[in-house]
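# Descriptive structure summary
These are the residues of each chain, in order.
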Amino acid sequence: MKVAILSGSVYGTAEDVARHAADILKSAGFETWHNPRASLTDVQAFGPEAFLVVTSTTGMGELPDNLQPLYSMIRDQLPAAWRGLRGAVIGLGDASYGDTFCGGGEQMRELFGELGVREVLPMLRLDASESVTPETDAEPWLAELVTVLRD
């Protein structure tokens, strides 16, 4: 199965988590693709069969600048070929921001809904105020994702 990993990061933490996720998925036998500066054309050329989005949250619950253009392109075009594909989201944020905690991840979940991408696991929320090793903290959830994607 081909898994496209999309990431949005401000300081690099989400990209680190995305790279770690790619390694875990590859080790489990999946073909992965990750480009933090991807265009819609790049993603479509890969021909994904599933998606993993790893994104931090900026400002008032917004997507990071590097993911915003891709998000807008996907939202404008809503590729029909992605309807019914499986997807999952890892959101990074800081719970002290209250209602906007993991807002970037929530935006991607909403986009999945518009696309008809089936969310296969509840979004993993990594709280920067509690986690110093988000890559490691994501491992149990990623192991569950591997199991779900194999079914």
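Provided above is the structure to which this section pertains.
Here goes a summary of the coordinates provided. (Residues numbered from 1 in each chain as written. Predicted model: local features only at pLDDT ≥ 70, side-chain atom pairs only at ≥ 80, totals over all residues. Heavy atoms only, no water.)

### Focus on the overall build of the protein chain
For clarity, the cut-off: Numbering goes from the N terminus for both helices and strands, where a helix is a DSSP run of H or I of at least four residues and a strand is a run of E of at least two. For this measure, only C-alpha atoms enter the radius of gyration; the expected value for a globule follows 2.2 Å times N^0.38, where N is the number of residues. Only protein chains enter the area calculation, which uses a 1.4 Å probe; residues under 20% of their type maximum are buried, those over 50% are exposed, and those in between are partly exposed. When checking whether two residues touch, look at their non-hydrogen atoms; a contact exists if any pair is within 4.5 Å. Exposure was quantified through the Shrake-Rupley algorithm and a 1.4 Å probe, taking into account, for residues, occlusion by the shown protein chains and nothing else. A positive count includes Lys and Arg, and a negative count includes Asp and Glu. His and the chain ends are not counted in either. Lys charges are placed at NZ, Arg charges at CZ, Asp charges at CG and Glu charges at CD.
Counting secondary structure elements, the protein chain contains 6 helices and 6 strands. Secondary structure elements in the protein chain, listed N-terminal to C-terminal, are β-α-β-α-β-α-β-α-β-β-α-α. A globule of 151 residues ought to have a C-alpha radius of gyration of about 15 Å, and the protein chain, at 14 Å, matches this closely. Seen along its three principal axes, the alpha-carbon backbone of the protein chain occupies a region of about 40 × 35 × 25 Å. Burial analysis of the protein chain (151 residues in total) assigns 52% to the buried set. Partitioning the intrachain contacts of the protein chain with sequence separation of at least 6 by distance along the chain shows that 79% fall at a separation of at least 24. For the protein chain, the exposed area adds up to about 7100 Å²; of that, 48% sits on carbon and sulfur atoms. Side-chain charges in the protein chain split into 11 positive and 22 negative, and the spacing between the mean points of these groups amounts to 8 Å.

### As for the pattern of salt bridges
For clarity, the threshold we go by: Salt bridges are counted wherever a side-chain nitrogen of Lys or Arg sits within 4 Å of a carboxyl oxygen of Asp or Glu.
This structure, assessed with the given rule, holds 7 salt bridges. Of the charged contacts, one joins Arg-109 and Glu-119 as a salt bridge, the two residues approaching to 2.8 Å between their closest N and O atoms. Taken together, the residues span a long stretch of sequence, with Arg-109 in helix 4 (residues 103–115) and Glu-119 in strand 5 (residues 118–119) at a distance of 10 residues. Look at the salt bridges and you will find they share partners, linking Glu-15, Asp-16, Arg-19 and Arg-37 into a network.

### Points about the packing of aromatic side chains
What counts here: Note on aromatic pairs: the rings of Phe, Tyr and Trp (six-membered ring only in Trp) are paired at centre separations within 6.5 Å, and the planes decide the class, stacked below 30 degrees, edge-to-face beyond 60, tilted for the rest.
Throughout the structure, instances matching the rule amount to 3 aromatic pairs. Taken together, a centroid distance of 5.9 Å and an interplanar angle of 20° make the contact between Trp-33 and Phe-46 stacked. You can see Trp-33 sitting in strand 2 (residues 31–34) and its partner Phe-46 sitting in helix 2 (residues 40–46), a full 13 residues away along the chain. For the pair shown, Trp-33 and Phe-46 are each scored as buried. Three or more aromatic residues joined by ring pairs form one cluster here, namely Phe-51, Trp-82 and Phe-112.

### Looking at the packing of helix 1 (residues 13–27) against helix 6 (residues 139–150)
Keep this limit in mind: Axes, fitted as lines to C-alpha atoms, cover a helix only where it is in contact. Angles between the N-to-C directions of the axes lie from 0 to 180 degrees. Working definition: roughly parallel below 35 degrees, roughly antiparallel above 145 degrees, roughly perpendicular at 65 to 115 degrees, and oblique for all remaining angles. The sense of a crossing depends on the near helix, which, turned anticlockwise from the far helix by less than a right angle, makes the crossing left-handed and, turned clockwise, makes it right-handed. Note on residue classes: Ala, Val, Leu, Ile, Met, Phe, Trp, Tyr, Cys and Pro are nonpolar, Asp, Glu, Lys and Arg are charged, and everything else, Gly too, is polar.
Here helix 1 crosses helix 6 at 45°, and the two axes come no closer than 10 Å. The angle between helix 1 and helix 6 falls in the class oblique. Between helix 1 and helix 6 lies a crossing of right-handed hand. Facing His-20, Ala-21, Ile-24 and Leu-25 of helix 1, the residues of helix 6 in contact are Glu-139, Leu-142, Val-146 and Leu-149. Its residues assigned to classes, the contact of helix 1 with helix 6 comprises 6 nonpolar, 1 polar and 1 charged.

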